[in-house]
Amino acid sequence: MKKKVLVVDDEPSISMLIEFNLKLVGFEVQCVYDGEAVFDVIGQFRPDIIVLDLMLPKMDGLQVCRKLRSQNNLVPIIMLTAMQDLSDKIAGLDNGADDYMTKPFSPQELISRIQAIIRRIQTLPASGEEAPITIGQLSIRPDQREVTCAGKPVDLTPKEFELLVFLCKHRGKVLSRQQLLHGVWDYHFLGDTRIVDVHISHLRDKIEANARTPEYIMTIRNVGYKLTEPAIKESFA
């Protein structure tokens, strides 16, 4: 069956360009032109991925992301932004987007990113295939996509969860940002590594007792990141 892409952009020329190129490589595409329209069509169309512009009438891209995630809809989202400001890109990731691209962009690169995300989804293990992972006070159940830290549930986005599992599977190994882009985002080209830094920052905020002095995810200067087993703290009577 064809994979479905919902394109949300209020500029018809951009929507038509994306739709044309996606259909050429076999995707089924539906276009809408404002944020509210997403919720009018998503139930019937059931997209495998959404390409979502940041600046939209009626409901902007950030509001759409927040509403989808609040409804526990985990459909992958690639945010499009005409803004070069990093804070706007980070805002998209903060609100549940999986990736972002800055306009103008190459349709071929957009297609590559869509295909990479879909490959990741298709290769996720079926329920029950992976054993639980325990590191320090972290407990991860890949089959249930659940994480607890010190016995308390940790609410992670799908991409944060995938990143944490990938780091855990390579615990003790220093991973470059490009290796993380390849392993978690499945990018086989040079991508914007800031997306890795943003997700690492979010993970630290959620699993570290103090994100400024992390015990799990260590920064290796000029290289990348490493997940480690926290040192056992001795108590003295």
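Below you will find a few notes about this structure. It should be emphasised that the depicted structure is a prediction, and the values quoted were computed from it without experimental measurement. (Residues numbered from 1 in each chain as written. Predicted model: local features only at pLDDT ≥ 70, side-chain atom pairs only at ≥ 80, totals over all residues. Heavy atoms only, no water.)

A closer look at the overall build of the protein chain
Selection criterion: By the criteria applied, helices consist of DSSP H or I runs no shorter than four residues and strands consist of E runs no shorter than two, each listed in order from the N terminus. To sort residues, take the accessible area from a 1.4 Å probe on protein chains only and compare it with the maximum for the residue type: under 20% means buried, over 50% means exposed, and anything in between is partly exposed. When checking whether two residues touch, look at their non-hydrogen atoms; a contact exists if any pair is within 4.5 Å.
Of regular secondary structure, the protein chain possesses eight helices and twelve strands. Expressed as a percentage of the 237 residues in the protein chain, the buried residues total 48%. The long-range fraction of contacts in the protein chain, counting pairs at least 24 apart against all pairs at least 6 apart in sequence, stands at 56%.

Quick word on the sheet that holds strand β10 (residues 175–176)
Applicable threshold: Note on pairing: DSSP must find at least two bridges between two strands before they are called paired. In this analysis, axes come from line fits to C-alpha atoms, helices being fitted only over the stretch in contact, and the angle between any two N-to-C directions falls in the range 0 to 180 degrees.
If you trace the three strands from one edge of the open sheet to the other, you get β10-β12-β11, paired in antiparallel fashion. Here the strands that pair on one side only, and so sit at the sheet edges, are β10 and β11 (217–220). On the sheet, helix α6 (residues 158–169) packs against β10, β11 and β12 (224–227) and is oriented at approximately 70 degrees with respect to β12.

Focus: the environment of T157
Position of T157 relative to the elements: it lies in the loop between β9 (152–153) and α6. When the C-alpha atoms of T157 and D98 are compared, they prove to be 8.7 Å apart, with 59 residues separating the residues in sequence.

Observations regarding the environment of D98
Quick note on the threshold: For this analysis, a polar contact is any N or O atom pair within 3.5 Å, provided that within protein one partner can donate a hydrogen and the other can accept it, and provided that sequence-adjacent residues contribute only side-chain to side-chain pairs.
Tracing the backbone shows D98 in the loop between α4 (86–94) and β5 (99–102). Looking at D98, the relative accessible area reads 7%, which means it is buried. As for D98 and I77, which are separated by 21 residues in sequence, their C-alpha atoms are 5.4 Å apart. When residues no more than four places from it in sequence are discounted, the contact partners of D98 are R69, V75, P76, I77, L93, K159, W185, I195 and H199. At 3.3 Å, the side chain of D98 forms a polar contact with the side chain of R69.

Observations concerning the packing of aromatic side chains
Threshold: The criterion for an aromatic pair is that two Phe, Tyr or Trp rings (for Trp, the six-membered ring) have centres within 6.5 Å, with stacked assigned to planes under 30 degrees apart, edge-to-face to planes over 60 apart and tilted to the rest. Only when the NZ atom of a Lys or the CZ atom of an Arg is both within 6 Å of the ring centre and within 35 degrees of the ring normal do we say a charge sits over the ring.
Within the structure shown, the criterion is met by zero aromatic pairs. Above the plane of the ring of F45 lies K4, whose end atom (NZ or CZ) is 5.4 Å from the centre. The cationic tip of K67 hangs over the ring face of F39; the distance from NZ or CZ to the ring centre is 4.4 Å.

Description of the nonpolar core
The criterion, for reference: Residues belong to a common nonpolar core when they are buried Ala, Val, Leu, Ile, Met, Phe, Trp, Tyr or Cys residues joined through side-chain atoms within 4.5 Å. Delimitation of the domains relies on an automatic or database domain assignment.
Core analysis: the largest hydrophobic core is formed by 53 residues, its most contacted members being I50, L52, L164, L167 and I217. Sort the elements by how many residues they give to this core and α6 lands first, with seven residues. Both domains that furnish three or more residues to this core are identified here as domain 1 (2–120) and domain 2 (131–225).

Points about a nonpolar patch on the surface
Cut-off, in case you're wondering: Within this analysis, patches are made of residues with over 30% relative accessible area and no salt bridge. Like charges are joined at 9 Å or less; nonpolar side chains (Val, Leu, Ile, Met, Phe, Trp, Tyr) at 5 Å or less. Reported accessibility uses the Shrake-Rupley method at a 1.4 Å probe radius. Residues are deemed covered only where the shown protein chains occlude them. Here, a salt bridge means any Lys or Arg side-chain nitrogen found within 4 Å of an Asp or Glu carboxyl oxygen.
There is a patch of nonpolar side chains on the surface, built from F20, L24 and V25 and spanning about 320 Å² of accessible area. Take F20: it is sitting in helix α1 (residues 12–24). Residue F20 is classed as exposed on the basis of its relative accessible area, which comes to 53%.

Let's talk about unusual backbone geometry
A cis geometry characterises the amide bond from K103 onward to P104, with omega recorded as -10 degrees. Position of P104 relative to the elements: it lies in the loop between β5 and α5 (107–122). Positioned with a positive phi, R145 is a non-glycine residue whose angle comes to about 55 degrees. Relative to the elements of secondary structure, R145 occurs in the loop between β7 (138–141) and β8 (146–149). Looking at R145, the relative accessible area reads 35%, which means it is partly exposed.

Comments concerning the pattern of salt bridges
The final tally for this structure, using the stated rule, is twelve salt bridges. Its salt-bridge partner being K206, residue E160 comes within 2.7 Å of it at the nearest N-O pair. With E160 in helix α6 and K206 in helix α8 (residues 194–207), this residue pair connects regions lying 46 residues apart in the sequence. We classify K206 as partly exposed; its relative accessible area is 35%. One salt-bridge network, held together by shared partners, links D9, E11, D53 and K103.

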